[in-house]
Amino acid sequence: MLSISRAPARRQPSYTAGMDAETLRRTSFVPHSTPFYVERAKGSYLYTDDGRAILDAGGGAIVTNIGHGRKEVADVAAKTLEQFGYVVPTFSTPQKVALAERLVANWLPKGLTRCFFTSGGSESVDAALRLVRAHHVAAGRPERWKVIGSDLSYHGITLATLSVANHAPRRAAFEPMLPAFPHTPNPYDNENAAALLEQVIKKEGPDTVAAVILEPVVGSAGGAMVPPPEFWPRVREVCDRYGVLLIADEVMTGFGRTGKKFAVEHWEVAPDVLVGGKGLAGGYAPMGGVFATEAVVAPLVEARQDLMFYTFAAHPLCCAIADKVLEIMEREQLVEQVAATGARLRKRLDALADHPNVREVRGLGLMLGIEWVKERRTGEPFPAGDRVANRVTAEALERGVWVYPSGSGTHQDCTMFGPPFVLTGAEIETIGSVTEASINAVVGG
Ligand SMILES: Cc1ncc(COP(=O)(O)O)c(C=O)c1O
């Protein structure tokens, strides 16, 4: 077993030639210790002003799907801005109509026919929480307000989304401000998770429960944890039994990331509400969406009670960009490629499965993860203060690859891989070898 090396007293790497640390300090409250200045991006690479090319194996924050720098996306953006600056989100525009049409016709799971656009994942989940509550109120069930989340999950950084999720480090400072949503054991650490969810619903009182929200594959909080195949179908049954709505948070898994258009399709489950973000506009625009069935929306329509919008929601620019990104994915059959490319990357990462500090290699499609532990044999984690996942990312950056640090709670040290869908074989090899060199550098091997 390799031992952890103490936090290194070595030079801080820098990724900029032209920017001094003082200038970069102004761009955030708590600047990263590594001055990282990205000047441009193309394909699967980020370019710094000191001439380095960094392979974007994390797709930013598991966002980039068609790759960076597509000219046809830029052209659509320019054309749209000539047509519109801004319109209030309740108005329809050609861009918004076209996007909704494409989503319903070609992308969304059957039955999800109503769209509500936002500017990102947190906003979308927050709106989904409002939607399920408004649904029950409008339907004459005002006692239903609780939304049950999973004990290992991340749904965003607003206070409501932090509450309904359970990402311990991200919640920590804000606990007194978080409404008390119930949580259910996660399916990764608990064999009978669907039965346990039923117990939570019964304990809370089914008549008080509005919805259950789950990530199909747990991302930031757990490093690409895939549930057992029976979990989602059983959850659907449990929700139906108690009149509870099912929200699938597909902010990270959606739009092809796991090798299907949406991850719930792996288990042939139809949620009542699906939340999307990240891949919807491929990172070219801040964009998210809440997608619902007619049945969810009907009581609101009946009561003439709309959901309040976010000022910048459904911006024509963002709608036009998302529509173009989805069109490119359709034309180049990129979702279809994810399964094959993901299998190749998975095979390369599986070569690390016997490493003494690897607990598991896991994931679906191009949403993959490795969980790091101090000792593989016992599963003992590293001391939390060692921040191993962050240090793996720092070492990988020095070797020219960006990987996404993740994990929380009992699975605190994970590295996630969510590269653009256009990844090549040579890049897969680079990701594998750099990841191995990076964990070895962290543990002093
Ligand atoms: C599953 C999930 N939901 C919600 C969010 C929040 O999205 P955003 O960061 O765009 O607000 C994330 C972000 O990582 C996520 O992974």
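Keep in mind that what you see is a predicted model, and the values were worked out from it rather than measured. (Residues numbered from 1 in each chain as written. Predicted model: local features only at pLDDT ≥ 70, side-chain atom pairs only at ≥ 80, totals over all residues. Heavy atoms only, no water.)

A.B. asks: What is the right way to look at the packing of aromatic side chains in this model?
C.D. replies: Remark: the centre distance and the inter-plane angle together describe each pair of aromatic rings, the angle taken between the planes. Summed over the entire model, instances satisfying the criterion amount to seven aromatic pairs. Aromatic pair Trp 107 and Phe 255: ring centres 5.9 Å apart, planes at 40°, arrangement tilted. Taken as a pair, Trp 107 in helix 4 (residues 94-107) and Phe 255 in the loop between strand 8 (245-249) and strand 9 (273-276) lie far apart in primary sequence, 148 residues in all. Across the pair, exposure class does not vary: Trp 107 and Phe 255 are buried alike. Look at Trp 145 and Phe 181: their rings are 6.1 Å apart centre to centre, the planes differ by 45°, and that puts the pair in the tilted class. Remark: Phe 181 occurs in the loop between helix 7 (168-171) and strand 6 (183-184) and Trp 145 occurs in the loop between helix 5 (121-138) and strand 5 (146-150); sequence separation between them is 36 residues. (Phe/Tyr/Trp six-rings, centres within 6.5 Å; stacked < 30°, edge-to-face > 60°. Helix = DSSP H or I, 4+ residues; strand = E, 2+ residues; numbered from the N terminus. Buried < 20%, exposed > 50% of the residue type's maximum accessible area, 1.4 Å probe, protein only.)

A.B. asks: Which parts of the structure should I look at to understand the sheet that holds strand 10 (residues 288-293)?
C.D. replies: Each strand in a sheet pairs with its neighbour through backbone hydrogen bonds, running either in the same direction (parallel) or in the opposite one (antiparallel). What the seven strands build is an open sheet, ordered 4-10-9-8-7-5-6; its pairing is mixed. At either end of the open sheet lies a strand with only one pairing partner, and these are strand 4 (112-118) and strand 6. Note: strand 7 (residues 209-214) against strand 8, four bridges, orientation parallel. If you follow Ile 213 over to strand 8, its bridge partner there is Ile 247. (Pairing = 2+ DSSP bridges.)

A.B. asks: What am I meant to see in unusual backbone geometry here?
C.D. replies: Peptide bonds are, in most cases, trans, and in most cases residues other than glycine have a negative phi. Backbone geometry places Phe 255, a non-glycine residue, at a positive phi of 60°. For Phe 255, a relative accessible area of 1% gives the class buried. Non-glycine residue Ala 314 carries a positive phi angle of around 55°.

A.B. asks: Help me understand the sheet that holds strand 15 (residues 411-417) in this model?
C.D. replies: An order of 11-12-15-14 is seen for the four strands of this open sheet, with the pairing classed as antiparallel. The open sheet has two edge strands, strand 11 (358-364) and strand 14 (404-408), and neither has a second partner. Strand-to-strand twist of the sheet, defined as the mean angle between neighbouring strand axes without regard to direction, takes the value 25°. As paired elements, strand 14 and strand 15 share four bridges and run antiparallel to each other. From the neighbouring strand, Ser 408 faces strand 15, where its bridge partner is His 411. (Axes fitted to C-alpha atoms, helices over the stretch in contact; angles between N-to-C directions.)

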